[in-house]
Amino acid sequence: MTTPTISRRSALKALGVATLASVAGQLLLATRAKAALEPAGQGLKDFLAVSTTLTGKNDLNPTLALALYKAMQQTQPELDGALLKLKTALAQDTVLAGGDKTAFADEQKAEHALSQAILQGWYLGTVGKGKKAVCVTYVDALSNRAVADTLVPPSYSYGPCGAWQVKP
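The structure presented is a predicted model; accordingly, all values stated were derived computationally and were not measured.

1. Observations concerning the pattern of salt bridges
- If you walk through the whole model with that rule in mind, you get 2 salt bridges.
- Taking the shortest distance from any N to any O, the salt bridge between Lys87 and Asp46 comes out at 3.0 Å. Placement of Lys87 in helix 4 (residues 79-91) and of Asp46 in helix 2 (residues 42-55) is noted, with a sequence separation of 41 residues between them.
- Under the relative-accessibility criterion, Asp46 is labelled buried at 4%.
- The partner of Arg145 in a salt bridge is Asp140, with the nearest N and O atoms 3.3 Å apart.

2. Remarks on the nonpolar core
- Membership of the largest hydrophobic core comes to 24 residues, with the highest contact counts inside it found for Phe47, Met72, Leu86, Ile118 and Trp122.
- Breaking this core down by element, the ones donating at least two residues are helix 2, helix 3 (62-75), helix 4 and helix 5 (109-124).
- Those residues in contact with Phe47 that sit more than four places away from it in its chain are Ala65, Leu68, Tyr69, Met72, Leu83, Ile118 and Trp122.

3. Some words on helix 2
- Over its 14 residues, helix 2 runs 20 Å from end to end, which matches the ideal 20 Å to within 8%, given 1.5 Å per residue.
- Taken together, the buried positions of helix 2 are occupied by Gly43, Leu44, Asp46, Phe47, Val50, Ser51, Leu54 and Thr55. The buried side chains of helix 2 occupy one side of the element, clustering within an arc of 155° when seen end-on.
- Looking one or two places after helix 2, you find Gly56, whose phi comes out positive at around 75°.

How each quantity is defined
- Residues numbered from 1 in each chain as written.
- Predicted model: local features only at pLDDT ≥ 70, side-chain atom pairs only at ≥ 80, totals over all residues.
- Heavy atoms only, no water.
- Salt bridge = Lys/Arg side-chain N within 4 Å of Asp/Glu carboxyl O.
- Helix = DSSP H or I, 4+ residues; strand = E, 2+ residues; numbered from the N terminus.
- Buried < 20%, exposed > 50% of the residue type's maximum accessible area, 1.4 Å probe, protein only.
- Core = buried A, V, L, I, M, F, W, Y, C linked by side-chain atoms within 4.5 Å.
- Contact = heavy atoms within 4.5 Å.
- Expected span 1.5 Å × (residues − 1).
- Arc of directions from axis to C-beta.

Remember, this is a structural readout, not a statement about activity or role.
The structure is reproduced here in structure tokens:
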């Protein structure tokens, strides 16, 4: 019995179809991500603006921002109003203690708490505390991305299967 052989032309056609399907899938995902960001409205825009100011990073992932924003909406019902107040406070460097973006004056306890919650979401990947905490991301959290060139996130394999059995 002879095994069927695939010609080079057929293999190239199959590879081309697979590549085209992959590119189309990526474009579709990018379109869906953009569409998902639109309905959130001004609240998400304020969240991104505040997050950019607090983290000092201009290239924050918009899909992750949407997930963090929605998780924070579940824990803080008046999030949009609080974000607007925080955005205003961050724009006025004079009301912040010493011009530091993370140090607030005594009368700004609510803004301080919200800024800490936002930073926790971006750097640790969780929103909320205790039993009500929601894990939004792990590997893409800013704390893990900051050391990604050197360290592997905890609980990820550092080598081949069974490498943990050998002494370092």
